[in-house]
Amino acid sequence: MMRKLSPAKINLHLAVLGKRPDGYHNIASLMQLIGLYDELTFEPQAGNIVINCPDSGLPVNEDNIVFRAARAIFALKEYAGGVKIEIRKEIPIAAGLGGGSGNAATTLLALNELFCFHLTLTELLALGKNLGADVPFFIFGKTAWATGIGEELTATAPLPPSWLVLVNPGFELSTRAIYESLNLRLTTEPVNYSIPAIYSQDDLIRGLKNDLEAAAIKLHPEIEEIKRILISAGALGSMMSGSGPTVFGIFQTEKRAREAANSIVRRVPATWRIIVSCSL
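No experiment lies behind these values; they were computed from the predicted model shown.

This part is about the overall build of the protein. When helices and strands are counted, the protein shows 9 helices and 11 strands. Seen along its three principal axes, the alpha-carbon backbone of the protein occupies a region of about 55 × 45 × 35 Å. Residues classed as buried in the protein amount to 50% of the 280 residues present. Across the protein, the fraction of contacts at a sequence separation of at least 24, relative to all contacts at a separation of at least 6, is 74%. As presented, the protein carries roughly 13,200 Å² of accessible surface, and 50% of it is formed by carbon and sulfur atoms. Treating the 26 positive side-chain charges of the protein as one cloud and the 27 negative ones as another, the clouds have centres 3 Å apart.

Following this line, the structure appears as structure tokens:
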């Protein structure tokens, strides 16, 4: 049996640069792993792929991206055996934190190791791209600018460490609906985007950008209210991650982040989830 931790991510910068002929959108996004994890265990078995996700409500068939990841790597290697995978969720589902994509990436990496498939990073990244736009980032495994649809990854210099308070209001947002509401025109010309330089925490705060945020706020004004709450609790900056609805606030120290989280818990509905985490 093999046990792996699967981290979440936040988008510190997300510019949507245009709609592609294939229906996807070109983006430029600064993505960072954070210290919030799901736990996956992998146990070889004969015959088939079995997924177990206790207390999560997630599907356990091919509608689960982890199932598809296992099937993809087995098919590539023409492997006839099976595996039992258990997913213990801590990352909120459909929250803009990449939980499912990270789980798929962790599955590809773990099965490659567990079954000695000896796939290269390039081969794993290609498998990941076919599963979802964020999966390659989690295989890459370090802070990076993601361009194209998210599959073109460029590692960054280390960013200043940050403590984070994440606020998840518990509802789901459709990534497709958010992108479609942008109503961008089809672009076939090469995309040139000036990526901001980030060397300090001040640079990081100034560089916060999410082109999906305004569309999400139109659907759920609570997102803007969460941003206000985080700033009033002392966050240096606050923004929605990915296609939402989770909003994060950046704090200088763990102490300030935990004090803010304690104050926020008393100000929001009990169904909202407040998480203190840190950049990795």
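Structurally, the position occupied by Leu-111 is in helix α2 (residues 99-114). Note on Leu-111: relative accessible area 0%, which makes it buried. Through-space distance from the C-alpha of Leu-111 to that of Phe-42 is 7.8 Å; in sequence the pair is 69 residues apart. Excluding anything up to four places from it in sequence, Leu-111 contacts Phe-42, Ala-70, Ile-73, Phe-74, Val-83, Cys-116 and Phe-117.

This part is about the nonpolar core. Most often, soluble globular proteins have nonpolar side chains that are buried together. Core analysis: the biggest nonpolar cluster contains 36 residues, and Ile-73, Val-83 and Ile-85 have the highest contact counts within it. Mapped by element, the contributors of at least two residues to this core are β2 (25-45), β3 (49-52), α1 (65-76), β4 (82-88), α2, α3 (121-131), α4 (135-140) and β5 (144-148). Residues contacting Val-83, with those up to four places away along its chain left out, are Phe-42, Glu-43, Pro-44, Gln-45, Asn-48, Ile-49, Val-50, Ala-70, Phe-74, Leu-111 and Phe-115. Counting residues in each nonpolar core, the second largest holds 27 residues, with Ile-217, Ala-235, Met-240 and Phe-251 among its members.

Let us now look at the environment of Ser-101. Looking at the secondary structure, you find Ser-101 in helix α2. The exposure class assigned to Ser-101 is buried, which follows from its relative accessible area of 15%. Spatially, the C-alpha atom of Ser-101 lies 8.5 Å from that of Pro-136, the residues being 35 residues apart in sequence. Among residues more than four places away in sequence, those in contact with Ser-101 are Asp-134, Val-135 and Phe-138.

This next bit is on the sheet that holds strand β10 (residues 247-251). Across the sheet, 4 strands lie side by side as β9-β10-β7-β11; this open sheet has antiparallel pairing. If you trace the sheet from one side to the other, it starts and ends with β9 (237-240) and β11 (273-278), each paired once. Sheet twist, expressed as the average angle between the axes of neighbouring strands with direction ignored, equals 20 degrees. Across 4 bridges, the pairing between β9 and β10 is antiparallel. Bridge pairing in β10 places Met-240 opposite Val-247.

Glancing now at the packing of aromatic side chains. One pass over the structure, following the stated rule, counts 7 aromatic pairs. Taken together, the ring pairs in this structure connect Phe-74, Tyr-79, Phe-115 and Phe-117 into an aromatic cluster. The aromatic ring of Phe-140 is capped on one face by Lys-142, whose charged end is 5.3 Å from the ring centroid.

In the structure shown here, the tally under the stated rule is 13 salt bridges. With its nearest N and O atoms 2.7 Å apart, the salt bridge here joins Lys-227 to Glu-213. Of the two residues, Lys-227 sits in helix α8 (residues 222-232) while Glu-213 sits in helix α7 (residues 213-219), which places them 14 residues apart along the sequence. Judged by relative accessible area, Glu-213 falls into the buried class, the value being 11%. With its nearest N and O atoms 2.6 Å apart, the salt bridge here joins Glu-225 to Arg-228. Placement of both Glu-225 and Arg-228 in helix α8 is noted, with a separation of 3 residues, approximately one turn of the helix. Overall, Arg-228 belongs to the partly exposed group, its relative accessible area being 47%.

Moving on to helix α9 (residues 254-265). Across its 12 residues, α9 extends 16 Å between first and last C-alpha, which sits within 8% of the 16 Å expected from 1.5 Å per residue. Buried within α9 we find Ala-257, Ala-260, Ala-261, Ser-263 and Ile-264. Down the axis of α9, the sector holding all buried residues measures 165 degrees, keeping them to one side. Among the structural elements, β7 (163-168), α8, β10 and β11 are those in contact with the buried residues of α9.

Glancing now at the side chain of Ser-29. Along the chain, Ser-29 turns up in strand β2. Residue Ser-29 is classed as buried on the basis of its relative accessible area of 0%. Side-chain polar atoms of Ser-29 contact the side chain of Asn-11, separated by 2.8 Å. Side-chain polar atoms of Ser-29 contact the backbone oxygen of His-13, separated by 2.9 Å. Setting aside residues no more than four positions away along its own chain, Ser-29 makes contact with Asn-11, His-13, Leu-14, Ala-144, Trp-145 and Ala-146.

What counts and what doesn't
- Residues numbered from 1 in each chain as written.
- Predicted model: local features only at pLDDT ≥ 70, side-chain atom pairs only at ≥ 80, totals over all residues.
- Heavy atoms only, no water.
- Helix = DSSP H or I, 4+ residues; strand = E, 2+ residues; numbered from the N terminus.
- Buried < 20%, exposed > 50% of the residue type's maximum accessible area, 1.4 Å probe, protein only.
- Contact = heavy atoms within 4.5 Å.
- Areas by Shrake-Rupley, 256 points an atom, 1.4 Å probe, with all protein chains shown as cover.
- Lys, Arg positive; Asp, Glu negative; His and termini not counted.
- Charge placed at Lys NZ, Arg CZ, Asp CG, Glu CD.
- Core = buried A, V, L, I, M, F, W, Y, C linked by side-chain atoms within 4.5 Å.
- Pairing = 2+ DSSP bridges.
- Axes fitted to C-alpha atoms, helices over the stretch in contact; angles between N-to-C directions.
- Phe/Tyr/Trp six-rings, centres within 6.5 Å; stacked < 30°, edge-to-face > 60°.
- Lys NZ or Arg CZ within 6 Å of the ring centre and 35° of its normal.
- Salt bridge = Lys/Arg side-chain N within 4 Å of Asp/Glu carboxyl O.
- Expected span 1.5 Å × (residues − 1).
- Arc of directions from axis to C-beta.
- Polar contact = N/O pair within 3.5 Å; in protein donor to acceptor, adjacent residues only side chain to side chain.

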